[in-house]
Amino acid sequence: MSFVSKLAGHVTGQRRLDLTTGPGADQTGQGRSEADRPPPAFPPPMSRLPSAFTTVLKCVSLLHVTHTRVYEFTETKGESMLPTLNSHGDYVHVSKWYRNGRDVQMGDCVVLQKPNDSNRRVCKRITGMPGDYVLVDPSLAEEDTYPLHYKDTNGADPLDMYIKVPRGHVWVTGDNLPYSLDSRTYNVVPMGLITGKVVAANDMNKPLWDEEGKILGFRKVGNTFVDAVQ
Amino acid sequence: MVVRVRVRSLFWAVSWIPVALAATDVVHVSRIEGSSMRPTLNSSDGDTDWVLLKMLWPRARAVGDIVLLKSPFDPAKVMCKRVKALASDTVRVPDGEPITVPRGHLWVEGDNVHSIDSRKFGPVSDGLLLGKVLCVVWPPSKWGVDLHRYSGRNVVVEE
């Protein structure tokens, strides 16, 4: 039996069922419950539109809520986090629990909105917590290549000074210090700009399944802080 | 049978939770606390105004808008201020030299002179913005109030 004839047989069978147990039976029979009535064979297509709309709405909302509040998987670009993250082809797993700097610690790798361009997000490591004193980076002053190097009007070098990180702020730097635009140029960053913490990363340039059993170069991105004082 | 119907209706209700959460990222109704926006909002002691906020694309804004933003010193705290100057505007400060607002930053002040705002902590990054106040929804006596009627001091230095 071909598919078409199968379909036709089903439909005619359904119709026959309609005729025997449907309206005719309802007119004469008494006490027939709602549940016994067969469903309409051909629902009008328009009646499905609201249902499709709400399904799409629910799916988009769930995706948005997950992305802003729970978890995000997103591409990263740029040399500033080498060797932790590659300059291209890397995707990071971001936990949104840590948004607004909740529970972040020294040494965590975070995603934050750029303070001077909030449409762009950057990935940096926290190297100063509120109350810490941070030496900006006098090594940049020695190289004369640093583009934003300038002396204060009273002769102070902004790269060779200690900054106290204020309440509710963090000091962030890239892992690749010579090729990173970070707190050394835009100063401390309010924790409200932190959108999440990087917990793991995948490398899309790696094979799907390598010899060590890693899927797409999966590795965890952890806290690298070593407390030298202890 | 009844249990199955209950589970289905529960599932139906739960499936709407993300929609409700996402809707709060589009529009939001919020209570205003404190006196920093007096006389525009919370006009007298004991008043609590509720306002309708546009949360979608908070970065589209202009001078004179009343905005909600995260406090730069405590991200859990939300402040309500008026945008007084945009990036690259030069701002008159109460004491000291005029300041030029850096790129990606805003100068925000409360309408009340006794307000902790950019006069105290300087320009804020516009990534801290949460939403823009559209109108007052409660109390009814303030429906249709012009939010731009009292806009505090004029801060931008004209060139």
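Residues numbered from 1 in each chain as written. Chains lettered and ligands numbered in written order. Predicted model: local features only at pLDDT ≥ 70, side-chain atom pairs only at ≥ 80, totals over all residues. Heavy atoms only, no water.

Under an unreviewed UniProt entry, the name given to chain B is Mitochondrial inner membrane protease subunit 2, and the source organism is Huiozyma naganishii. Note on chain B: under the UniProt heading Subcellular location (unreviewed entry), the record states "Mitochondrion inner membrane". (UniProt positions renumbered as here; feature names shortened; annotations may be inferred.)

As annotated in an unreviewed UniProt entry, chain A carries the name Mitochondrial inner membrane protease subunit and comes from Huiozyma naganishii. The UniProt entry for chain A carries this comment under Subcellular location (unreviewed entry): "Mitochondrion inner membrane".

**Q** Teacher, can you tell me more about the sheet that holds strand β7 (residues 105-109) of chain B here?
**A** What holds strands together in a sheet is hydrogen bonding between their backbones, with the strands either parallel or antiparallel. All names here are of chain B. Reading across the sheet, the seven strands line up as β1-β2-β9-β3-β4-β7-β8 and stay open at both edges, with antiparallel pairing between neighbours. The open sheet is flanked by β1 (27-31) and β8 (124-125), the only strands paired with a single partner. Of the pairings in the sheet, the one linking strand β2 (residues 50-54) to strand β9 (residues 129-138) comprises five bridges and is antiparallel in character. By the bridge assignment for β9, W50 is matched with W138. (Pairing = 2+ DSSP bridges. Helix = DSSP H or I, 4+ residues; strand = E, 2+ residues; numbered from the N terminus.)

**Q** Would you mind going over the interface of chain A and chain B with me for this structure?
**A** Between chain A and chain B, the contact holds 25 residues from the first and 21 residues from the second. Both sides together, the interface formed by chain A and chain B hides about 1900 Å², and carbon and sulfur atoms give 58% of it. Put simply, chain A and chain B have one salt bridge between them. Between B:D25 and A:R69 there is a salt bridge, and its shortest N-O distance comes to 3.6 Å. Counting across the interface, chain A meets chain B through six residue pairs in polar contact (both at pLDDT 80 or more). Among the elements of the structure, α3 (49-69), β3 (109-114) and β4 (117-128) of chain A are those that each provide at least two residues to the side of chain A that touches chain B. Along the lines of polarity and charge, the residues of the side of chain A that touches chain B split into eight nonpolar, twelve polar and five charged. (Contact = heavy atoms within 4.5 Å. Buried area = accessible area lost by both parts, 1.4 Å probe. Salt bridge = Lys/Arg side-chain N within 4 Å of Asp/Glu carboxyl O. Polar contact = N/O pair within 3.5 Å; in protein donor to acceptor, adjacent residues only side chain to side chain. Nonpolar A, V, L, I, M, F, W, Y, C, P; charged D, E, K, R; others polar.)

**Q** How do you make sense of the UniProt feature "domain: Peptidase S26" (unreviewed entry) in chain B when you look at a structure like this?
**A** Mapped onto this structure's residue numbering, the UniProt feature "domain: Peptidase S26" (unreviewed entry) falls at residues 17-96 and 100-138 of chain B. End-to-end, the C-alpha atoms of residues 100-138 of chain B are 37 Å apart, and along that stretch the chain is 10% helix and 46% strand.

**Q** How do you make sense of the packing of aromatic side chains when you look at a structure like this?
**A** For the structure on display, the rule yields three aromatic pairs over all chains. Relative to B:F121, the ring of B:F73 lies with its centre 6.0 Å away and its plane at 65 degrees, an arrangement referred to as edge-to-face. Here B:F73, found in the loop between β3 (66-71) and β4 (74-85), pairs with B:F121, found in helix α3 (residues 118-121); they are 48 residues apart in sequence, far enough to count as distant. One Lys or Arg, A:R102, reaches over the ring of A:W97 and ends 4.0 Å from the middle of that ring. Lying across the ring of A:Y98, A:K197 places its NZ or CZ 4.1 Å from the centre. (Phe/Tyr/Trp six-rings, centres within 6.5 Å; stacked < 30°, edge-to-face > 60°. Lys NZ or Arg CZ within 6 Å of the ring centre and 35° of its normal.)

**Q** What's the story with the pattern of salt bridges in this structure? I'm lost.
**A** Any two side chains of opposite charge can pair if their charged atoms end up close together. Taken as a whole and assessed by the stated rule, the structure comprises 16 salt bridges over all chains. Between A:E72 and A:K96 there is a salt bridge, and its shortest N-O distance comes to 2.7 Å. Of this pair, A:E72 sits in strand β1 (residues 71-76) while A:K96 is found in the loop between β2 (90-95) and β3, placing the two residues 24 residues apart along the sequence. Overall, the relative accessible area of 9% leaves A:E72 in the buried class. According to the relative accessible area criterion, A:K96 is buried, its value standing at 5%. Beyond isolated ion pairs, a larger network of salt bridges with shared partners links B:K84, B:E109, B:D117 and B:R119. (Buried < 20%, exposed > 50% of the residue type's maximum accessible area, 1.4 Å probe, protein only.)

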